[in-house]
Amino acid sequence: MQAELMPKSPSRCFRLRRLTAYEGVLTAVGDNRPVIEFDHVSKWFGDFQVLKEVSLSVASGERIVICGPSGSGKSTLIRCINGLENYEKGAITVAGVRLGSDAASMRAVRGKAGMVFQQFNLFPHLTVLENLMLGPLRARNMGRREAEELARRYLSRVRIPEQANKYPRQLSGGQQQRVAIARSLCMEPAIMLFDEPTSALDPEMINEVLDVMTELAGTGMTMLCVTHEMGFARRVADRIMFMDHGEIVETAPPERFFQSPESARCREFLQKILNH
């Protein structure tokens, strides 16, 4: 991630562009080229249709928060992005790669999209540092010294460099989730997906994870986050999506989403969650 100050010209003043790097190519945030596309995507679990003709376009550097009641298809949607769930109809394209059921397209997409889950999924027999080095060593064929430097850099970024030699069981829930975020960042993805990353945390640990995610959002990273943390959504999101019964019911910038939601179902959801 880096910032480039555009030179002044007669037709435009200085403006700051956030740039996102992937495989040596710099893509300007705001160039409106989608990095994620859903084209009428449907998915079933047996006879139950969990996604219904979902279409979605996400620009590079955009930060999307997805909310909605339990069972609305939120987690399934983002799990489809990196192939953790297959879809039966439509098309999904991620950073130019058409996602299919073949191993090659899944590997390509998973190299571009990191994911953080509700549970931390850290290896208990490895130290924090070893957990972070594993991906770069095995998936990126990185040397040990380079992998360790990368791991320590991202541990510092999530504010826990002093925990490098501890085991997951020695950390709090919030610290473990920050390790999970750092582990994903060690793969240097173009996109980060978060599936209710604070739902398994005690209330006092939620803010430390949200602070790290807020900082990450400020770097220009493309982010899709399933969460009911509406304060975070209001601060960070470019757009908020409300899902219900497998459909995207409403999408709007935060101010409009909270002040004047269009659908009755969204208004009912917000009334319940904001007054909880």
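What counts, and at which threshold
Residues numbered from 1 in each chain as written. Predicted model: local features only at pLDDT ≥ 70, side-chain atom pairs only at ≥ 80, totals over all residues. Heavy atoms only, no water. Helix = DSSP H or I, 4+ residues; strand = E, 2+ residues; numbered from the N terminus. Phe/Tyr/Trp six-rings, centres within 6.5 Å; stacked < 30°, edge-to-face > 60°. Buried < 20%, exposed > 50% of the residue type's maximum accessible area, 1.4 Å probe, protein only. Lys NZ or Arg CZ within 6 Å of the ring centre and 35° of its normal. Expected span 1.5 Å × (residues − 1). Arc of directions from axis to C-beta. Contact = heavy atoms within 4.5 Å. Pairing = 2+ DSSP bridges.

Caption draft 1: Fine view of the environment of Ser 101. For Ser 101, the location among the structural elements is in the loop between β8 (97-98) and α2 (103-110). The spacing of Ser 101 and Asn 86 is 15 residues in sequence and 6.9 Å in space, taken between C-alpha atoms.

Caption draft 2: Spatial organisation of the packing of aromatic side chains. In this structure the tally under the stated criterion is two aromatic pairs. Each ring, one from Phe 242 and one from Phe 269, has its centre 5.1 Å from the other, and the planes form 45°; the classification is tilted. Here Phe 269 lies in helix α9 (residues 264-274) and Phe 242 lies in strand β12 (residues 239-244), a separation of 27 residues in the sequence. Judged by relative accessible area, which is 0%, Phe 242 ranks as buried. Since its relative accessible area comes to 9%, Phe 269 is described here as buried. Ring geometry for Phe 257 against Phe 258: centres 5.4 Å apart, planes inclined by 90°, an arrangement best described as edge-to-face. The ring of Phe 258 carries the charged tip of Arg 234 above its face, separated from the ring centre by 4.1 Å.

Caption draft 3: Just helix α6 (residues 203-217), in detail. A rise of 1.5 Å per residue sets the reference length of α6, with its 15 residues, at 21 Å; its end C-alpha atoms lie 22 Å apart and thus fit the reference within 8%. Buried within α6 are the following residues: Met 205, Ile 206, Val 209, Leu 210, Val 212, Met 213, Leu 216 and Ala 217. Projected down its long axis, α6 shows its buried positions confined to an angular sector of 160°, all on one face. Seen from the open side of α6, the exposed residues pointing more than 90 degrees away from its buried face are Glu 204 and Asn 207.

Caption draft 4: Quick peek at the environment of Trp 44. If you trace the backbone, Trp 44 turns up in strand β4 (residues 34-45). Sequence separation between Trp 44 and Asn 86 is 42 residues, and the spatial gap between their C-alpha atoms is 9.4 Å. Those residues in contact with Trp 44, other than ones at most four positions away along the chain, are Gln 49, Val 50, Glu 88 and Lys 89.

Caption draft 5: Highlighting the sheet that holds strand β5 (residues 48-59). Across the sheet, which stays open at both edges, the four strands sit in the order β5-β4-β7-β8 with antiparallel pairing between neighbours. Both edges of this open sheet fall to β5 and β8, since each of them pairs with a single strand only. Relative to β5, β4 runs antiparallel, the two being bridged by eight bridges. Each bridged residue has a counterpart across the sheet, and for Phe 38 the counterpart in β5 is Leu 56.

These values are about where atoms sit, not about what they do.
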